[in-house]
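# Analysis of the macromolecular model
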Amino acid sequence: MGALSPKSSEAVPLHGDASIVSRNPATGQILGEVPVASSDEVRAAVARARVAQRDWAAVPVAERARRVLAFRDEITTRAEEVIDLLVREGGKTRSEALGMELVVVVDLATYFAKRAEKILAPQPISLHLLKNKKSYVHFVPRGVVGVIAPWNFPLSIPLGETIMALIAGNGVVLKPSEITPLIALKAKELYDACGLPRDLFQVVTGRGATGAALIESGVDQIVFTGSVATGKKVAAACGERLIPCIAELGGKAPAIVCADADLERTANALVWGAFANSGQVCASVERVYAHESVHDELVRKIVEKTSQLRQGDPSGEVDVGAMTWDRQLETVEERVKNAVAAGARVAIGGKRRGETGMFFDPTVLTECRQDMDVMRKEIFGPVMPIMKVRSEDDAIQLANDSHLGLCGYVFTKDREKGRRIAERVECGTVMVNDVLFTYGAPETPWVGVKQSALGFTHSEDGLRELCQRRHVNVDRIAGKKEIWWYPYSQKTFGRLLAGLRLLFRPKRRRA
Ligand code: NDP
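Attention in this report is confined to the structure presented alongside it. (Residues numbered from 1 in each chain as written. Predicted model: local features only at pLDDT ≥ 70, side-chain atom pairs only at ≥ 80, totals over all residues. Heavy atoms only, no water.)

Note that the residue after Tyr-486, namely Pro-487, is joined by a cis bond; omega there is -5°. Looking at the element boundaries, Pro-487 is found in the loop between β24 (467-475) and α16 (490-504). The backbone phi angle of Leu-242 is positive, close to 50°, even though this residue is not glycine. Mapped onto the elements, Leu-242 comes out in the loop between α8 (228-241) and β9 (245-248). Overall, Leu-242 belongs to the exposed group, its relative accessible area being 76%. (Helix = DSSP H or I, 4+ residues; strand = E, 2+ residues; numbered from the N terminus. Buried < 20%, exposed > 50% of the residue type's maximum accessible area, 1.4 Å probe, protein only.)

Before going further, it helps to examine the packing of aromatic side chains. Counted according to the given criterion, the structure contains eight aromatic pairs. Here the aromatic residues Phe-71, Tyr-191 and Phe-201 are joined through ring pairs into a cluster of three or more. (Phe/Tyr/Trp six-rings, centres within 6.5 Å; stacked < 30°, edge-to-face > 60°.)

This paragraph deals with the pairing of strand β19 (residues 429-432). The two faces of a sheet get side chains in turn, since along a regular strand they alternate between them. A one-sided burial pattern is seen for β19, the buried positions being Thr-429 and Met-431 and the unburied ones Val-430 and Val-432. With four bridges joining them, strand β18 (residues 407-411) and β19 adopt parallel strand pairing. Among the inter-strand pairings, Val-410 is bridged to a residue of β19, identified as Val-432. Crossover connection from β18 via helix α14 (residues 415-424) to parallel β19: handedness right-handed. (Pairing = 2+ DSSP bridges. Right-handed = clockwise from strand over helix to strand, strands pointing away.)

Looking now at helix α6 (residues 181-192). If you check α6, its first and last C-alpha atoms are 17 Å apart, about what 12 residues at 1.5 Å a residue would give, namely 16 Å. Most of α6 is tucked away, with nine of its 12 residues classed as buried. Inspection of α6 places Pro-181, Leu-182, Ile-183, Ala-184, Lys-186, Ala-187, Lys-188, Leu-190 and Tyr-191 among the buried residues, and these make up the whole buried set. (Expected span 1.5 Å × (residues − 1).)

The next subject is the packing of helix α1 (residues 39-58) against helix α7 (residues 208-215). Axis separation between α1 and α7 bottoms out at 9 Å; the angle between their running directions is 45°. Considering the angle they form, α1 stands oblique to α7. As for how α1 packs across α7, the hand of that crossing is right-handed. Here Ser-39, Val-42 and Val-46 of α1 lie close against α7, whose contacting residues are Thr-210, Ala-213 and Leu-214. Of the residues assigned to the contact of α1 with α7, the class counts are four nonpolar, two polar and no charged. (Axes fitted to C-alpha atoms, helices over the stretch in contact; angles between N-to-C directions. Parallel < 35°, antiparallel > 145°, perpendicular 65-115°, else oblique. Left-handed = near helix turned anticlockwise from the far one by under 90°. Contact = heavy atoms within 4.5 Å. Nonpolar A, V, L, I, M, F, W, Y, C, P; charged D, E, K, R; others polar.)

Next comes the structure, spelled out in structure tokens:
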């Protein structure tokens, strides 16, 4: 392999362990070098953010939202510059950098900026018994939110979370992945150019230890996106400190293809859903369960469409770019090798491409079985394993036979049936006749079940999750005392018991 990414133990930083070298995964070219922040530096960044956040929290929500829009405008104005870096550091195509990163952030910022005042307005609670009292919940910024981000969407994931947290009145300290630090620093540069308080949003570059230091630095909440293994460590560290933690983790999205699916749309969707961003998407189509009556025709179409994909250096006009991290490439290669050894057939692809750069052929595997690693473990690369099933019930059962549950997909021309199947699939989001896209719909919750997530992001409730919920109750009459206060007596006991029977009227029920 010519290109080594910084997570590789073989990568040699120019200035020892205290720095990280960022490289272009398509060419191996060095793009830059960033420092590894120490625990003290992380703690100092959080302390500065905390000071800035106190003033920011006092700014009315509508004004905060208006000011955050300047950040959105800066990103939009300098879109080409950001796309260029996303392509060079992340290995993704220009279309993916635009459609899956920039558009997502810009739209999310606009959506929440417009609605934040309403979403974060106090919520009255009508008490069902005590009409002399009034309750409401109000939303108070948590303080400083630590965002720990992965390398596969180095702009849309951390900036989406950062923008929501800022609108909610928080400060943010971001620890990007060591694989894609330059994009995070570019985001900070754009932020600094738009007149927002400088210390309110900060970036600390480094490796896993810097992320761990961020959790220990006194932050008030962690929003983590990454693997299940790291997510467990992060959740445990947050639990130790009793700070709230949102964790968005791995996926193994099943796609169920029914006998009545529109095969042309299905094949187009699956090819894009499995290979977009070189398959490095937590929602990627990671396993296909195709009804036996359509399996062969579906495979034929998928292979034909895959054969037409252009792969190469994403600075040119291609459909599939480079993978981002050499270790991930090795994992993908191993998954395919093991699947083939266990009896899977390579219908197309199946190997690394070229001498330099981190490319893996868009790969379709058929004759897969549920017990193969390729059907059970996250691949996170451009590989689509397909399995023939006898019935839709079998497909649902196999789809649910997983420790992960982020996204799932159902293909059928019968929308009602699609809805019924979708409701039986154990995933946070199930799309009928589509793939991937709801991460880009900020009004919908981004949520996983099983080991795919702890909590959720996006949606109105996702914005509220970045605040403390505080409850206030006001007595509207304020007489001398309540009946349940001291002194206790037989008389008040009798009145309360009579009240209980009057209100809840026990009925004689038949066994
Ligand atoms: P990792 O879990 O390896 O890393 C995620 C982040 O955590 C990185 O910034 C990493 O730093 C940091 N980190 C590593 N160790 C620790 C630690 N002990 N304490 C705190 N932070 C730490 O994930 P990847 O970056 O490899 O991302 C790929 C994974 O992310 C896949 O499983 C994918 O499914 C998942 N993902 C989930 C999404 C979702 O929305 N559910 C969306 C996108 C990806 P460093 O990189 O410097 O080691």
